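Chain by chain, the residues:
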Amino acid sequence: MEPIIAGNWKMHKEPGESRSFVQELMALAGEMRDRITILIPAFTSLPAVSEVIRNTRFKLGAQNMHWERSGAYTGEVSGMFLKALGCEYVVIGHSERRHIMGETDEMVNRKMKTALEIGLIPIMCVGEKEAERDAGKTEAVIERQVEQGLKSIENEAHKIILAYEPVWAIGTGKTATPEQAAAAHAFIRSRLKKPSTILYGGSVKPDNIDTLMKEKEIQGVLVGGASLDAESFARIVKFQ
Ligand code: 13P
C-alpha cells in the first residue's frame with residue numbers, strides 16, 4: 001500500500017484561491033508516483049479543485065457528510081453529491097466535528113455505514129483530549145471510538161482508513177512523538193478485525209514528516225495547518 005498524505009484545509013480557501021493553490025502545489029510537488037496525495041477542501045471549493053486535478057494523481061476528499069442520502073436536512077451535504085463531484089474519500093468524525101459540533105459516536109457510525117454503502121472511502125478520525133491522556137484514559141477513549149464507530153461494519157475495516165489525531169496535538173504545534181503515535185496506532189490495530197491503513201494527524205510539519213514516516217506503524221498523515229501553504233505541503237508530500 002502506498003503511503004497517504006492528506007491535506008485537510010478545514011474552513012479555509014474559497015474556490016478561486018483553491019484553484020491557484022493547487023496549480024502552485026502541482027508545480028512544486030511533481031509526479032509523486034509512489035504515494036497517494038488527497039486534497040480535502042471545503043465543500044464549496046470541491047468543484048474547482050476537482051477540475052484542476054482531473055487527469056493527475058491527486059485525489060479528492062470531503063471533510064464531512066450526512067448519514068442519509070437525501071432528505072429534509074437543511075444545511076447538510078449528502079455523500080452522493082460528493083461522489084458526483086469526484087470525491088473518493090470523506091473524513092468522518094474529525095475531532096472538530098465531535099467536540100465543536102457535537103457529533104456522537106452513533107452519528108459517526110451511521111456516516112461510516114453510508115459512506116461504505118455508496119462507495120466513498122471513509123477516513124475515520126479518533127483521538128483523546130489532553131485531560132484524557134493525563135488521566136491515563138487514552139486507550140479507553142480510542143477503543144470506544146473505534147468500537148462504536150465501526151459497530152456492525154467491523155468486517156469491513158480493510159475498506160476504511162483510520163486517522164489517529166490526538167486532540168492536544170491539533171493546531172497546537174505539539175506533535176505526538178513518533179513513539180507515542182506508533183503506540184496508539186498499534187493499539188488501534190489490535191482492536192481491528194481486518195487490517196486498516198492508519199494515518200497520524202496533529203501538527204504534522206515539514207520538519208517532522210520524515211521522522212514520523214519512518215515509523216512502520218504510521219502509513220500516512222492527515223495534515224491541517226501545514227497543508228494550507230503550497231511550499232510546506234509540497235515538502236510534506238515529498239517526504240523522504
Ligand atoms: P494540524 O495539522 O493543524 O494540527 O491539524 C490536524 C488536523 O486536524 C487534520 O485533520
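As shown above, the structure is provided for reference.
Residues numbered from 1 in each chain as written. Predicted model: local features only at pLDDT ≥ 70, side-chain atom pairs only at ≥ 80, totals over all residues. Heavy atoms only, no water.

### Re the pattern of salt bridges
- Per the counting criterion, the structure on display carries 16 salt bridges.
- The partner of R69 in a salt bridge is E117, and the shortest N-O contact between them spans 3.1 Å. Here R69, found in the loop between β3 (58-62) and α3 (79-84), pairs with E117, found in helix α5 (residues 105-118); they are 48 residues apart in sequence, far enough to count as distant.
- When salt bridges with common partners are traced through the structure, they connect R97, E103 and K111 into a single cluster. (Salt bridge = Lys/Arg side-chain N within 4 Å of Asp/Glu carboxyl O. Helix = DSSP H or I, 4+ residues; strand = E, 2+ residues; numbered from the N terminus.)

### Considerations on the packing of helix α7 (residues 138-149) against helix α8 (residues 178-190)
- Interaxial distance between α7 and α8 falls to 10 Å at its minimum, and their mutual angle equals 40°. One finds that α7 runs oblique with respect to α8. The hand of the α7/α8 crossing is right-handed. Across the interface between the two elements, E139, I142, E143 and V146 of α7 pack against A184, F187 and I188 of α8.
- Its residues placed into classes, the contact of α7 with α8 shows five nonpolar, no polar and two charged. (Axes fitted to C-alpha atoms, helices over the stretch in contact; angles between N-to-C directions. Parallel < 35°, antiparallel > 145°, perpendicular 65-115°, else oblique. Left-handed = near helix turned anticlockwise from the far one by under 90°. Contact = heavy atoms within 4.5 Å. Nonpolar A, V, L, I, M, F, W, Y, C, P; charged D, E, K, R; others polar.)

### Section: the layout of surface pockets
- Computed from the structure, the largest pocket encloses a volume of approximately 440 Å³.
- Broken down by class, the residue content of the lining of the largest pocket amounts to seven nonpolar, five polar and three charged. (1 Å grid on protein atoms, 1.4 Å probe; cavity = no way out; pocket = protein on both sides within 12 Å on 5 of 7 lines; lining within 4 Å. Points joined across faces, edges and corners; volume = space filled by probe spheres on them.)

### Observations regarding the site of the ligand
- Of all residues adjacent to the ligand, which total 13 residues, the nearest are H94, G171, S203, G224 and G225.
- Residue H94 places a side-chain N or O atom 2.8 Å away from an oxygen atom belonging to the ligand.
- One of the backbone N or O atoms of G225 is found 2.8 Å from an oxygen atom in the ligand.
- Considering the ligand on its own, with 310 Å² of exposed area, one finds that the protein chains cover 97% of that surface. (Near = heavy atom within 4 Å. Polar contact = N/O pair within 3.5 Å; in protein donor to acceptor, adjacent residues only side chain to side chain. Areas by Shrake-Rupley, 256 points an atom, 1.4 Å probe, with all protein chains shown as cover.)

### Things to note about the sheet that holds β3
- Strand order around the closed barrel formed by eight strands is β1-β2-β3-β4-β5-β6-β7-β8, with parallel pairing between neighbours. On average, adjacent strands in this sheet sit at an angle of 25° to one another, irrespective of strand direction.
- Here β3 runs beside strand β4 (residues 89-92); their pairing, made up of two bridges, is parallel. Its bridge partner being in β4, A62 is matched across the sheet by V90.
- The strands touched by α8 within the sheet are β5 (121-126), β6 (161-164) and β7 (197-201), with β7 carrying the most contacts at an inclination of about 145°.
- Helix α10 (residues 230-237) contacts β1 (4-8), β2 (36-40) and β8 (220-223) of the sheet and is inclined by roughly 160° relative to β1. (Pairing = 2+ DSSP bridges.)

### Details of the nonpolar core
- Ranked by size, the top nonpolar core spans 61 residues in total, and within it L39, L162, I188 and Y200 carry the most contacts.
- If we ignore the near neighbours within four places in the chain, the residues touching I188 are V126, I142, V146, L162, Y164 and I198.
- Core analysis: the next-biggest nonpolar cluster, separate from the first, contains 13 residues, I4, I36, I161 and L199 among them. (Core = buried A, V, L, I, M, F, W, Y, C linked by side-chain atoms within 4.5 Å. Buried < 20%, exposed > 50% of the residue type's maximum accessible area, 1.4 Å probe, protein only.)

### A look at the packing of aromatic side chains
- Under the criterion given, the structure shown has two aromatic pairs.
- Look at W9 and F21: their rings are 5.1 Å apart centre to centre, the planes differ by 80°, and that puts the pair in the edge-to-face class. Of this pair, W9 sits in the loop between β1 and α1 (15-29) while F21 sits in helix α1, and the two are 12 residues apart along the sequence.
- Since its relative accessible area comes to 0%, W9 is described here as buried.
- The exposure class of F21 is buried, given its relative accessible area of 6%. (Phe/Tyr/Trp six-rings, centres within 6.5 Å; stacked < 30°, edge-to-face > 60°.)

Interpretation note: all reported values are geometric properties and have no functional meaning in isolation.
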